[in-house]
Amino acid sequence: MAETHSLQDLRQQAAVAAKVFIQRDYTNGTLCQFQTKFPSELETRIDKQQFEETVRTLNNLYAEAEKLGSQSYIEGCLACLTAYTIFLCMETHYEKVLKKIAKYIQEQNDKVYAPRGLLLTDPIERGLRVIEITIFEDRSLTQ
Amino acid sequence: MKNCDYQQIDPKVVPTYASPSHIGTRGPRRVRRKWEVFPGKNRFYCGGRIMMAQQSGVLPLTLGLILVTTGLFFIFDCPFLVKHLSSCVPVIGAVLFVFVFITLLQTSFSDPGILPRATLEEAANVERQIDSSGNSSYRPPPRTKEVLINQQMVKLKYCFTCKMFRPPRTSHCSLCDNCVERFDHHCPWVGNCVGKRNYRFFYTFIVSLSFLTSFIFGCVSTHLAMSTTQQKHSFSYPHASFLWFRVMFELVICFFSVWSILGLSGFHTYLVASNMTTNEDIKGSWSGKSGDVATNPFSHRNVFVNCCSVLCAPLPPSLIDRRGILPVEEESAQMCHADIQLPANKNQRNMVGAPAHHPLCLKPHSKLKAELAAAASACLSVVKVWLSG
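None of the values given here were measured: they were computed from a predicted structure.

Counting secondary structure elements, chain B contains 11 helices and 10 strands. Burial statistics for chain B: of 389 residues in total, 42% are counted as buried. When the accessible area of chain B is evaluated, it comes to approximately 21400 Å², of which 65% is carbon and sulfur surface.

Structure follows, in structure tokens:
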């Protein structure tokens, strides 16, 4: 996609001013959730509500990926009966939701973050440890 | 809203360091995958699809015992039992054997839930947050962070190798040199760690193995009992000594396996039902040793829900992305990290006829030649000065 390529070029050509890391929130156990606390470095760049909405949507998507429901039980039992060989041919529920998450992050970057000189990195590229937000130098100030 | 200079950039305008055109000028490059530069002590096969610990442990012995015992069972006991008992015997045996074999391979060859190490920026960020006073000692005291999980304080330890605070239930395996999520134990019998991603394979393996060994034990005992109650000529084998050797071998293996594997299955069933790991059980993390009533904050307080969450939860993805293609910047960083301190010798490198690579990327032998040449020319200039003086 041309937009993706332009974001990658943005990453390489524009100077990186700082990187902010949104850490994991373990208050509900080992479920993948991120802290919604607004970092001070982003105060001049983006609205608090916008940021919190992004993180909350991501948290909901990860909760959906790890949800223990009837679908996951059926998938688990079927997998057990086939000695887990269906994982070799079938995409798991988690992987399907990860694709949704990647699409959402791409969309957020295109619509909300790139116009403000920010870039969200998909947490899966950082081992689901952090959401990395790259802050690019604001060229309009230096001109 | 500020008018930032971040319009749609035409990708064809300026080729960057990592763009395909730049790669084209350097000549054809073999695509490298992330497993080739994986920092932990693991072995990879089939292009990164299969991974194991560095030492295979006693995995060959496990495989050998299972194959030999099952083989003997199929060759010698099945024909007799099919004739005198039921034709279901080999079918049940085959199904159990297939289950055991497949789950063993899955346990041994899959990613147990390894956490990739923190990137440089992440590690620097964590270091800055912990140690803003500028501690100059080489190895600061162990750093911990307390978090409240389901109304209970849990300590998260800092991993010096992986440069991050370990998530809850994560432990660093010293044999594999990796942090593994929901670390259970490192099993030498399967030659791999047992963690979040392969625990269900391991559990199915030991449960089906206990069924298989009990089944074979039962069949061999039945065969023996039925043979001795029949006429003398029921021993249709050429050598009675071989028969007794085989029977004893199978019985002994199965007897010891039954007790140990059944015991292990029972133990792990208890762990699954209470949503605990072997590591936590051994360390007594939730046994309230400190005097406080410490309960497992990860348990759902319901045996059925615990079992489902451990065995039937959606399988998490592998976080290490072994088959991912290594980005060119990372690859160059890997190749050139030793050469970054040689910018002054760039001219000498050209003099000694070093290959026309990127200035920061030299092979070690060229670097040595460059250094020797620099040292030689420095000596020469000193000698010249001395002679002229």
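Read on for the rest.
Residues and elements named next belong to chain A. In the structure shown here, the tally under the stated rule is 13 salt bridges over all chains. The partner of E107 in a salt bridge is K111, and the shortest N-O contact between them spans 3.6 Å. Here E107 and its partner K111 are both found in helix α5 (residues 93-113), 4 residues apart, which amounts to about one turn of the helix. Using a relative accessible area of 60% as the deciding quantity, one classes K111 as exposed.

Let's shift gears to the sheet that holds strand β4 (residues 144-149) of chain B. All names here are of chain B. In spatial order, the strands read β4-β5-β6; together these 3 strands make up an open sheet with antiparallel pairing. A single partner strand is all that each edge strand has here, and the edge strands are β4 and β6 (164-165). Both strand β5 (residues 152-159) and β6 contribute to a ladder of 2 bridges, which runs antiparallel. Within β6, the residue paired with C159 across the bridge is M164.

Let's shift gears to the UniProt feature "transmembrane region" (unreviewed entry) in chain B. Residue and element names in this part refer to chain B. Following the UniProt record, the feature "transmembrane region" (unreviewed entry) maps to residues 58-76, 82-105, 201-224 and 244-267 here. The distance separating the terminal C-alpha atoms of residues 82-105 is 30 Å; by composition the span is 88% helix and 0% strand. Helix makes up 100% of residues 201-224 and strand makes up 0%, while its end C-alpha atoms are separated by 34 Å.

Over its 22 residues, helix α3 (residues 88-109) of chain B extends 32 Å from the first C-alpha to the last, a length consistent with the 32 Å expected when each residue adds 1.5 Å. In the core, the buried residues of α3 of chain B are packed alongside β2 (50-53), α2 (59-84), β10 (192-194) and α5 (199-229) of chain B.

Further remarks concern the pairing of β2 of chain B. In the sheet, strand β1 (residues 42-45) of chain B pairs with β2 of chain B via 4 bridges, with the strands oriented antiparallel. From the neighbouring strand, F44 of chain B faces β2 of chain B, where its bridge partner is M51 of chain B.

Turning our attention to the environment of V328 of chain B. Along the polypeptide, V328 of chain B turns up in helix α9 (residues 328-336). Placed 296 residues apart in sequence, V328 of chain B and R32 of chain B show a C-alpha to C-alpha distance of 9.1 Å.

Turning next to the packing of aromatic side chains. Residue and element names in this part refer to chain B. Tallied over the entire structure, the rule returns 15 aromatic pairs over all chains. Here the aromatic rings of F97 and F101 are separated by 5.8 Å at their centres, their planes lie at 25°, and the arrangement is stacked. One end of the pair is F97 and the other is F101, both in helix α3 and 4 residues apart, which spans about a single turn. Aromatic side chains F255 and W259 sit 6.3 Å apart centroid to centroid with 75° between the ring planes, which places their arrangement in the edge-to-face category. Of this pair, F255 and W259 are both found in helix α6 (residues 240-273), 4 residues apart, which corresponds to roughly one turn of the helix. Just above the ring of F165 sits the side chain of K145; from NZ or CZ to the centre is 4.8 Å.

Bringing the packing of α3 of chain B against α5 of chain B into the picture now. Residues and elements named next belong to chain B. Closest axis-to-axis distance for the α3/α5 pair is 8 Å, and the angle between their directions is 150°. Considered as vectors, α3 and α5 are oriented roughly antiparallel to each other. Of the two possible hands of crossing, α3 and α5 adopt the one that is left-handed. Side by side, α3 and α5 meet where V89, I92, G93, L96, F97, F99, V100, T103, L104, Q106 and T107 of the first sit next to F201, F202, T204, F205, S208, L209, F211, L212, F215 and C219 of the second. Across the contact of α3 with α5, the residue classes tally to 15 nonpolar, 6 polar and no charged.

Below, the discussion takes up the UniProt feature "domain: Golgin subfamily A member 7/ERF4" (unreviewed entry) in chain A. When the UniProt feature table is mapped to this numbering, "domain: Golgin subfamily A member 7/ERF4" (unreviewed entry) covers residues 20-132 of chain A. Each end of residues 20-132 of chain A is marked by a C-alpha atom, and these two atoms are 6 Å apart; helix forms 49% of the span and strand 10%.

Turning to the sheet that holds strand β7 (residues 171-173) of chain B, a few remarks are in order. Residue and element names in this part refer to chain B. Strand order in the open sheet formed by 3 strands is β3-β8-β7, and the pairing between neighbours is antiparallel. In this open sheet, the two strands that pair with only one neighbour each are β3 (114-115) and β7. Bridging between β3 and strand β8 (residues 178-180) involves 2 bridges; their strand directions are antiparallel. For I114, the partnering residue across the bridge sits in β8 and is V180.

Bringing the nonpolar core into the picture now. In this structure, I66, F73, V89, Y199, F205 and L209 of chain B are the most contacted members of the largest nonpolar core, which totals 44 residues. Setting aside anything within four residues of it in sequence, one finds Y199 of chain B in contact with R182, D184, V194, H268, L271, V272 and V310 of chain B. The next biggest cluster of nonpolar side chains, apart from the first, holds 34 residues, and it includes L58, I101 and Y113 of chain A together with C179 of chain B.

Turning to the environment of A83 of chain A, a few remarks are in order. Mapped onto the elements of the fold, A83 of chain A is located in the loop between α3 (70-81) and α4 (86-89). Note: C-alpha distance between A83 of chain A and K99 of chain A (16 residues apart in sequence) is 26 Å. Ignoring any residue separated from it by four or fewer positions in sequence, one finds A83 of chain A in contact with F99, I102 and Q106 of chain B.

By the bridge criterion, 6 bridges tie β4 of chain B to β5 of chain B in an arrangement that is antiparallel. When the sheet's bridge partners are listed, T144 of chain B is paired in β5 of chain B with K157 of chain B.

All names here are of chain B. Interaxial distance between α2 and α3 falls to 10 Å at its minimum, and their mutual angle equals 170°. Between α2 and α3, the angle is such that the two are roughly antiparallel. Packed against α2, whose contacting residues are L59, T62, L63, I66, L67, T70, F73, F74, C78, L81 and V82, the element α3 presents V89, P90, G93, A94, F97, V100, F101, L104 and S108 at the interface. Within the contact of α2 with α3, the residues separate by chemical class into 16 nonpolar, 4 polar and no charged.

Procedures and definitions
Residues numbered from 1 in each chain as written. Chains lettered and ligands numbered in written order. Predicted model: local features only at pLDDT ≥ 70, side-chain atom pairs only at ≥ 80, totals over all residues. Heavy atoms only, no water. Helix = DSSP H or I, 4+ residues; strand = E, 2+ residues; numbered from the N terminus. Buried < 20%, exposed > 50% of the residue type's maximum accessible area, 1.4 Å probe, protein only. Areas by Shrake-Rupley, 256 points an atom, 1.4 Å probe, with all protein chains shown as cover. Salt bridge = Lys/Arg side-chain N within 4 Å of Asp/Glu carboxyl O. Pairing = 2+ DSSP bridges. UniProt positions renumbered as here; feature names shortened; annotations may be inferred. Expected span 1.5 Å × (residues − 1). Contact = heavy atoms within 4.5 Å. Phe/Tyr/Trp six-rings, centres within 6.5 Å; stacked < 30°, edge-to-face > 60°. Lys NZ or Arg CZ within 6 Å of the ring centre and 35° of its normal. Axes fitted to C-alpha atoms, helices over the stretch in contact; angles between N-to-C directions. Parallel < 35°, antiparallel > 145°, perpendicular 65-115°, else oblique. Left-handed = near helix turned anticlockwise from the far one by under 90°. Nonpolar A, V, L, I, M, F, W, Y, C, P; charged D, E, K, R; others polar. Core = buried A, V, L, I, M, F, W, Y, C linked by side-chain atoms within 4.5 Å.

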